[in-house]
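Results of the structural survey
Listed here are the chains, written in short residue letters.
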Amino acid sequence: MFDRKPAFIVFLVLLLISCKSTPLWEGQGPIQIIETEDKPIQKQNQQVFDAGNGVFFSNQFDGARLNQVERLNDTLIQITILPENEPINPSPWYGFKIWSEKSEDFWIQFSYGGIGFHRYFPKTSLDGMNFSNVDSVNFFQPASEERRPEMSFLRIETSPDTLWIAAQDRVGTSHVQDWKESILEHEFVELIKIGESKEGRALEILKIGNADDQEMLMVISMQHPPELTGFLAMQAFVEELCSDSPAAIKFRKKYNLYVMPQMNPDGVANGHWRHNSGGIDLNRDWINFNQPETKALSQFMESKVKESGGKFVFAADFHSTWEDIFYTNNEELEGNFPGLIPKVIKKSSKRIPGYVPNIRPNEGVQRSVTSNSYFFFVHQAESMTFEVGDNTEREIIQMKGQFLAEELMKILNKKKWK
Ligand SMILES: [Zn+2]
């Protein structure tokens, strides 16, 4: 009989070589310092678009965008999705409902008005809540090197039943609200309103724990509206800290965790690609604090420290990008618990077979404009920005969030503070 073992060993060796030779992504370039005073933004008009031949599009819901619809021919409809303002990181956050008088089969061409290129793989849903990726044979986009605007096409079949198409599988702010409510069911969780956004949405924090605020933790996510995978990792992380495990029970007696799951509610509700309703990238406003969201959170943290005489020992900001990467502070600099973050990342990553975490410590020693820098330089909190890949599998995201929390608790539960 044919022995498959040698072939299998060759396969394994090849796999190892290919893994080894793939260099880890270097991450984003240096952070630009920008003005963070309000800039004008362009909102979308919420309406129904008549695309001809009995086909209709709508953007009448919270979150995601659709700005124009134009039929190019019998089987091709161009849709345009525009950002809130420019310059902007190209992360088109599209989403719309579609239906037709009778069944129709056609292509949608995505246009971003010459700004940016397609980023998020399309998802569909029949109820606006449960989304799944479209079949890849129905979606065409150029290979990454030649990623260009107006070159992505989706083939769909419509009917009188409403079909949702969106860049992310959660649209709007209600899923965040639902999740907050589920966390608030624990007796050790409390809701704190720390301010309001420009459009009057509540800026809210969850306080988790029964401790005395001598050692505190801060977790934030969704500074950038479409970054759902970062939000999902944050959820898994926080859920583990709220669990019934002996480590979590012990942890909550010793530490209070403060969580701001949605830093930018206006941006999420308006389907912004990146900015808040002041037209600003919030993650560039952690020195100037011109925007209500960053101002409210920094004032909250500073007043906590003042009231309790305690300190923030850990902070994390969750985002999404092309692939998983951790941005940490310069390892030469010491915060309230030197070495904590690299240790937690490495220990938790070891539990995922074959996963080598991409950790990029900041080379600078000066404070910068990001949340991560604020947490470290102002509070000496050991801090990290965890960017989760847009297409990282959901089970892996769940594991990463959960394992980070478990390893963090193991170390912090043992720590004796003076
Ligand atoms: Zn981000």
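Residues numbered from 1 in each chain as written. Predicted model: local features only at pLDDT ≥ 70, side-chain atom pairs only at ≥ 80, totals over all residues. Heavy atoms only, no water.

**Some words on the coordination of the zinc ion**
Note on the zinc ion: its protein donors are H224 (ND1), E227 (OE), E227 (OE) and H319 (ND1). The metal-donor distances range over 2.1 to 2.5 Å. For the zinc ion, the four donor atoms in the first shell make angles of 56 to 148 degrees at the metal, a pattern classed as irregular. In primary sequence terms, the donor set of the zinc ion follows H-x2-E-x91-H. With H224 in the loop between strand 14 (215-221) and helix 3 (228-241) and H319 in strand 16 (residues 311-321), the pair connects residues that are 95 residues apart, well separated along the chain. Here H224 matches H319 in class, with each residue buried. (Donors = N, O, S within 2.8 Å, 3.2 Å for Na, K, Ca; no water. Tetrahedral: all angles 85-135°; square planar, octahedral: opposite > 155°, others 65-115°. Helix = DSSP H or I, 4+ residues; strand = E, 2+ residues; numbered from the N terminus. Buried < 20%, exposed > 50% of the residue type's maximum accessible area, 1.4 Å probe, protein only.)

**A few points about the UniProt feature "active site" (unreviewed entry) in the protein**
Per the UniProt record, "active site" (unreviewed entry) is found at E387. Along the chain, E387 falls in strand 19 (residues 382-389). (UniProt positions renumbered as here; feature names shortened; annotations may be inferred.)

**Overview of the environment of G278**
Summarising the element assignment, G278 is placed in the loop between helix 5 (265-269) and helix 6 (292-308). Note: C-alpha distance between G278 and S197 (81 residues apart in sequence) is 9.3 Å.

**Considerations on the pairing of strand 2 (residues 55-58)**
Residues V55 and F57 line one face of strand 2 and the alternating positions F56 and S58 line the opposite face, and both faces are buried. In this structure, the hairpin formed by strand 1 (residues 48-50) and strand 2 is closed by a connection of four residues, where G52 is found at a positive phi of approximately 80 degrees. Where strand 2 meets strand 5 (residues 95-100), four bridges bridge the pair, whose relative direction is antiparallel. Following the sheet pairing, V55 is matched in strand 5 by S100. (Pairing = 2+ DSSP bridges.)

**Thoughts on the sheet that holds strand 4 (residues 76-80)**
Here five strands make up an open sheet; going across it, the order is 3-4-6-10-9 and the pairing mixed. Of all the strands in the sheet, just strand 3 (68-73) and strand 9 (139-140) have a single pairing partner and so form its edges. Here strand 3 runs beside strand 4; their pairing, made up of five bridges, is antiparallel. If you follow V69 over to strand 4, its bridge partner there is I79.

**Remarks on the packing of aromatic side chains**
On inspection of all chains with the given rule, the structure shows 24 aromatic pairs. Measuring from centroid to centroid gives 6.4 Å for F110 and F139, while their planes differ by 85 degrees, and the two rings are edge-to-face. With F110 in strand 6 (residues 104-111) and F139 in strand 9, this pair connects stretches of sequence that are 29 residues apart. The exposure class assigned to F110 is buried, which follows from its relative accessible area of 0%. These aromatic residues form a ring-pair network of at least three members: F237, F314, F318, F326 and F386. If you follow R351 out to its NZ or CZ, it ends over the ring of F403, 3.9 Å from the centre. (Phe/Tyr/Trp six-rings, centres within 6.5 Å; stacked < 30°, edge-to-face > 60°. Lys NZ or Arg CZ within 6 Å of the ring centre and 35° of its normal.)

**Considering the nonpolar core**
Formed by 50 residues in total, the largest nonpolar core has its most connected members in I208, F237 and F314. F237 has contacts with V219, F314, F318, G401, Q402, L404, A405 and L408, leaving out every residue within four places of it along the chain. Ranked by size, the runner-up nonpolar core spans 34 residues in total, among them I98, L154, L163 and I165. (Core = buried A, V, L, I, M, F, W, Y, C linked by side-chain atoms within 4.5 Å. Contact = heavy atoms within 4.5 Å.)

**Describing the sheet that holds strand 5**
On the basis of which strands lie adjacent, the open sheet formed by six strands has the order 1-2-5-11-7-8 and antiparallel pairing. With partners counted over all chains shown, the strands left at the sheet margins are strand 1 and strand 8 (131-133), one partner each. Taking the axes of each pair of neighbouring strands and ignoring which way they run, one obtains an average angle of 30 degrees across the sheet. Pairing analysis gives four bridges linking strand 5 to strand 11 (residues 163-166), with the strands arranged antiparallel. Across the sheet, F96 pairs through a bridge with I165, a residue of strand 11. (Axes fitted to C-alpha atoms, helices over the stretch in contact; angles between N-to-C directions.)

**Digging into the UniProt feature "domain: Peptidase M14" (unreviewed entry) in the protein**
Here, the residues flagged by UniProt with the feature "domain: Peptidase M14" (unreviewed entry) are residues 155-418. Summarising residues 155-418: 37% helix, 23% strand, and an end-to-end C-alpha distance of 62 Å.

**What about the pattern of salt bridges?**
Overall, the coordinates contain 18 salt bridges when judged by the stated rule. Where K102 meets E104, a salt bridge forms, and the shortest distance between an N and an O atom there is 3.1 Å. Classification of E104 as buried rests on a relative accessible area of 13%. The salt bridge partner of R274 is D281, with a shortest N-O separation of 2.9 Å. The residues R274 and D281 share a single accessibility class, namely buried. Taken together, the shared-partner salt bridges in this structure form one network comprising K43, E199, R201 and D266. (Salt bridge = Lys/Arg side-chain N within 4 Å of Asp/Glu carboxyl O.)

**What about unusual backbone geometry?**
In this structure, the amide linkage connecting E86 to the following residue, P87, adopts the cis form with an omega of -5 degrees. Mapped onto the fold, P87 is located in the loop between strand 4 and strand 5. The backbone phi angle of D213 is positive, close to 70 degrees, even though this residue is not glycine. Checked against the element boundaries, D213 lands in the loop between strand 13 (202-208) and strand 14.

**Let's talk about the domain arrangement of the protein**
One can read the domain layout of the protein as domain 1 (48-166) and domain 2 (174-414). Averaged C-alpha coordinates put domain 1 and domain 2 at centres separated by 32 Å. Facing the 22 residues of domain 1 at the interface are 16 residues of domain 2. Together, E84, W93 and R119 form the three largest contributors to the area buried by domain 1 at its contact with domain 2, with a combined 37%. Across the domain 1-domain 2 interface, the total number found is one salt bridge. For the interface between domain 1 and domain 2, the tally reads 10 residue pairs in polar contact (both at pLDDT 80 or more). Classifying every residue of the side of domain 1 that touches domain 2 gives 13 nonpolar, four polar and five charged. (Domains from an automatic or database assignment. Buried area = accessible area lost by both parts, 1.4 Å probe. Polar contact = N/O pair within 3.5 Å; in protein donor to acceptor, adjacent residues only side chain to side chain. Nonpolar A, V, L, I, M, F, W, Y, C, P; charged D, E, K, R; others polar.)

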